[in-house]
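A look at the structure
Read off the chains here:
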Amino acid sequence: MTAAPSTLADVLIADGPAPEYAEKLALYGQFVGAWTMEAVIHTEDGQRNEAKGEIRFGWVLGGRAVQDVWSLPGFFHGTTLRIYDPGQDAWHIRWNDPVKQYYTHQIGRADGRDIVQHGKLDDGTAIRWRFTEITPDSFHWIGDHSRDGGTTWKVQADFRAKRIEI
């Protein structure tokens, strides 16, 4: 008798972190679970928009990565793959939003009690995405950009997330 073929979920989703890097994987692993968010989005023309959405974080790829899905109706619906790189002691972060056709690559690291991710857009704009005020049940996420090489930063998105039970 042949075993039933694996589903995508069977080979993607993991029960927990890979044991050999469990301590390092906890940086983003602490977010595994379900969250609601209250968001403020600032547009380039100065408009301020408020919305509510949800986030789901989970272990993937044999527990060597964290994947999350962020959904803010009317603004974006995308996924991040966060893979720990022991050689750099940093995380490769890939955000993908197929609705807006917006894709980024960043490097993430702990910065004191915060997490900071740095990257650049195709046009050279520096981006910085930060997790701050992190507790077991909440976090503050701030996304900003700089058009002058990091001298000044402009907030594009500000999210307050709260953990929920599902």
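Quick caveat: nothing in here was measured; it's all calculated off a predicted structure.

Before going further, it helps to examine the sheet that holds strand β7 (residues 114-120). Strand order in the closed barrel formed by ten strands is β1-β2-β3-β4-β5-β6-β7-β8-β9-β10, with antiparallel pairing between adjacent strands. Each strand of the sheet is rotated relative to its neighbour by a mean of 25°, with strand direction disregarded. Inspection of the sheet shows strand β5 (residues 90-97) paired to strand β6 (residues 102-111) by seven bridges, in the antiparallel sense. Pairing of Asp97 across the sheet is with Tyr102, part of β6. Sheet strands in contact with helix α2 (residues 22-29) are β2 (48-60), β3 (65-72), β4 (76-85), β5, β6, β7 and β8 (126-135), and its direction is about 35° off that of β5.

A separate point is the pairing of strand β1 (residues 33-42). Here β1 pairs with β2 via ten bridges, running antiparallel. Residue pairing across strands places Ala39 opposite Ala51, the latter belonging to β2. A loop of five residues connects β1 with β2, the two strands running antiparallel in sequence, and Gly46 in this loop sits at a positive phi of about 90°. Where β1 lies against strand β10 (residues 154-164), eight bridges are found, and the strand directions are antiparallel. Bridged to Ile41 within β10 is Ala157.

Let us look at unusual backbone geometry. Although it is not a glycine, Asp89 adopts a positive phi angle of roughly 50°. Among the structural elements, Asp89 can be located in the loop between β4 and β5. The backbone phi angle of Gln101 is positive, close to 55°, even though this residue is not glycine. Within the element layout of this structure, Gln101 appears in the loop between β5 and β6.

In this section: the pattern of salt bridges. Enumeration according to the criterion identifies twelve salt bridges in this entry. Across the pair Asp144 and Arg128 runs a salt bridge whose closest N-O atoms are separated by 3.0 Å. With Asp144 in strand β9 (residues 138-146) and Arg128 in strand β8, this pair connects stretches of sequence that are 16 residues apart. Judged by relative accessible area, Arg128 falls into the buried class, the value being 17%. Of the charged contacts, one joins Asp144 and Arg130 as a salt bridge, the two residues approaching to 2.9 Å between their closest N and O atoms. Here Arg130 lies in strand β8 and Asp144 lies in strand β9, a separation of 14 residues in the sequence. Residues participating in the shared-partner salt-bridge network are Glu44, Asp123 and Arg147.

The rules behind each value
Residues numbered from 1 in each chain as written. Predicted model: local features only at pLDDT ≥ 70, side-chain atom pairs only at ≥ 80, totals over all residues. Heavy atoms only, no water. Pairing = 2+ DSSP bridges. Helix = DSSP H or I, 4+ residues; strand = E, 2+ residues; numbered from the N terminus. Axes fitted to C-alpha atoms, helices over the stretch in contact; angles between N-to-C directions. Contact = heavy atoms within 4.5 Å. Salt bridge = Lys/Arg side-chain N within 4 Å of Asp/Glu carboxyl O. Buried < 20%, exposed > 50% of the residue type's maximum accessible area, 1.4 Å probe, protein only.

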